[in-house]
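The chain contents come next:
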Amino acid sequence: MAPTTVAGIILGSVAVVTLSTGRPGGIPAVEKAATASVVAKPVVKARVVTVTGKDFKFDAPDAIPAGLTEFRFLNKGPSIHHMQILRLTNGKTFSDLIAALTTPFPPPKWMKEVGGPNAPAPGTESNATLMLEPGNYAIICFVDIGGAPHFTKGMVRPFKVVAPSGPAASAPTPDVTATLYDYNFKLSAPILAGTRTIKVENTANQPHELELVQLAPGKTANDFLAWAGGGMKGPPPAKPIGGIAGLERGMSQTFTANFTPGNYAFICFIPDAKDGKPHFTHGMTKDFSVR
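Conventions adopted
Residues numbered from 1 in each chain as written. Predicted model: local features only at pLDDT ≥ 70, side-chain atom pairs only at ≥ 80, totals over all residues. Heavy atoms only, no water. Core = buried A, V, L, I, M, F, W, Y, C linked by side-chain atoms within 4.5 Å. Buried < 20%, exposed > 50% of the residue type's maximum accessible area, 1.4 Å probe, protein only. Contact = heavy atoms within 4.5 Å. Pairing = 2+ DSSP bridges. Helix = DSSP H or I, 4+ residues; strand = E, 2+ residues; numbered from the N terminus. Axes fitted to C-alpha atoms, helices over the stretch in contact; angles between N-to-C directions. Phe/Tyr/Trp six-rings, centres within 6.5 Å; stacked < 30°, edge-to-face > 60°. Arc of directions from axis to C-beta. pLDDT = per-residue confidence, 0-100. 1 Å grid on protein atoms, 1.4 Å probe; cavity = no way out; pocket = protein on both sides within 12 Å on 5 of 7 lines; lining within 4 Å. Points joined across faces, edges and corners; volume = space filled by probe spheres on them. Nonpolar A, V, L, I, M, F, W, Y, C, P; charged D, E, K, R; others polar.

S.K.: Give me the lowdown on the nonpolar core, citing residues and values where you can.
M.R.: Grouped together as the largest cluster of nonpolar side chains are 43 residues, with contacts concentrated most on Val51, Phe71, Ile85, Leu210 and Leu212. Once residues lying within four places of it in the same chain are set aside, the contact partners of Ile85 are Phe71, Lys112, Glu113, Val114, Gly115, Gly116, Leu130, Tyr137, Ala138, Ile139 and Phe159. Grouped together as the second largest cluster of nonpolar side chains are 11 residues, Leu86, Leu88, Leu101 and Ala138 included.

Printed below as a string of structure tokens:
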């Protein structure tokens, strides 16, 4: 809202030099030397898992091996959807999650938001690359445009992460890091036009997300929020691209998107831990330009 993974380990052989004395009193001479050789270790890419979202369900695998995983989320529905990944800790199951969702705020401490692809526009896709540990998980859509959160209409699905298989993968190399804090976003460098990998890390005291939107000419993040909150009437002032769904404190993951020159914004919609209001009402938006 597909990443480029670049990594390599260069192994050099040590040159071996053998000396001979020649005639007595002579100067030692180099008889032979090994030629240095360079061997590149093959790059192992993240496992790719495709998830399809429709109005209102997910099509996804029931089990996924642990390890570095790139989720590709295809939004096949006419509505905006995202793919929030939840990890169910303390032995909790999907049945426990369904019971907890009857009163979703505040969320139980055993329900951990571990990212995933954030919302792309209908008919498009987004992605996220993250490390999965064995355990019980679920994917859920918290988007509530239209009057009710989409999970109340069936858009929630369990999956298990089982023992890893195959060699360990190499993490993507980011072009830019976006740091989340209470209540804003900080970029390590300007984002330039082209296909870019963005690392998103949450250093705040509570969960945050990064939703990326491409703004129409002359529009801002606040215009998009007013349009979404006003019933989505008229031409949309921005196009959802993707990003990273809710992350717990101290977590990070990456996504890749194609940035064309223009204006963009980051937005966090997650309810605040103190007052339950979306974080954008606390100022957690960031408008920026791509050249």
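S.K.: Could you give me a rundown of the pairing of strand β16 (residues 194-202), with the residues and numbers involved?
M.R.: Examined bridge by bridge, strand β14 (residues 176-181) and β16 share 5 bridges and lie parallel to one another. The partner of Leu180 across the bridge, within β16, is Asn202. With 8 bridges joining them, β16 and strand β19 (residues 252-259) adopt antiparallel strand pairing. Across the sheet, Ile198 pairs through a bridge with Phe255, a residue of β19.

S.K.: Give a description of the sheet that holds strand β12 (residues 135-140) that names residues and reports values.
M.R.: As summarised here, the arrangement of the 5 strands in space is β7-β13-β12-β9-β10, forming an open sheet in which the pairing is mixed. At either end of the open sheet lies a strand with only one pairing partner, and these are β7 (63-65) and β10 (111-113). Across the sheet, the axes of successive neighbouring strands diverge by a mean angle of 35°, strand direction being ignored.

S.K.: Outline the sheet that holds strand β20 (residues 262-267), listing residues and values.
M.R.: Read from one edge of the open sheet, 4 strands run β18-β17-β20-β21, paired in antiparallel fashion. Two strands close off the open sheet at either side, each with one partner strand: β18 (238-247) and β21 (285-290). In this sheet, adjacent strand axes meet at a mean angle of 20° when their direction is disregarded. Pairing geometry for β20 and β21, over 6 bridges, is antiparallel. For Phe266, the partnering residue across the bridge sits in β21 and is Lys286.

S.K.: Tell me what's going on with the environment of Pro158, and back it up with residues and numbers.
M.R.: Here Pro158 shows up in strand β13 (residues 156-162). Placed 21 residues apart in sequence, Pro158 and Tyr137 show a C-alpha to C-alpha distance of 5.8 Å. The contacts of Pro158, once residues within four sequence positions are left out, are Phe94, Tyr137 and Ala138.

S.K.: Quick one: what's the story with the packing of aromatic side chains, residue by residue and with numbers?
M.R.: Using the criterion set out here, one finds 10 aromatic pairs in the structure. For the pair Phe185 and Phe266, a centre-to-centre distance of 5.4 Å together with 55° between the ring planes defines the contact as tilted. Residue Phe185 is found in strand β15 (residues 184-187), and its partner Phe266 is found in strand β20; the two are separated by 81 residues along the sequence. Exposure class is identical for Phe185 and Phe266. Each is buried.

S.K.: Help me get a handle on helix α2 (residues 221-229), residues and values and all.
M.R.: Given 3.6 residues per helical turn, the α-helix brings residues three or four places apart onto the same face. Within α2, burial applies to Ala221, Phe224, Leu225 and Trp227. Looking straight down α2, one finds its buried side chains confined to an arc of 160°; they lie on one side. Exposed positions of α2 whose direction lies more than 90 degrees from the buried face are Asn222, Ala226 and Gly229. Next to the buried residues of α2 lie β17 (208-215), β18, β20 and β21. Following α2 by one or two positions, Gly231 adopts a phi angle in the positive range, close to 95°.

S.K.: Quick rundown of the confidence of the model for the protein chain? Include the residues and the values.
M.R.: For the protein chain, mean pLDDT is 88; residues scoring 70 or higher make up 86% of the total. Scored below 50 in pLDDT, residues 1-36 shows 64 contacts in the model against residues more than four places distant or in partner chains.

S.K.: How would you explain the layout of surface pockets if you had to name every residue and give the values?
M.R.: In this structure, the largest pocket encloses a volume near 1,200 Å³. Around the largest pocket sit 42 residues that line it, and Phe142, Glu209, Phe269, Ile270 and Pro271 are the ones nearest its centre. Where the lining of the largest pocket is concerned, the elements lending two or more residues are β10, β17, α2 and β18. Ranked by the residues each element gives to the lining of the largest pocket, the list is headed by α2, at 4 residues. A breakdown of the residues in the lining of the largest pocket according to their chemical character gives 26 nonpolar, 7 polar and 9 charged.

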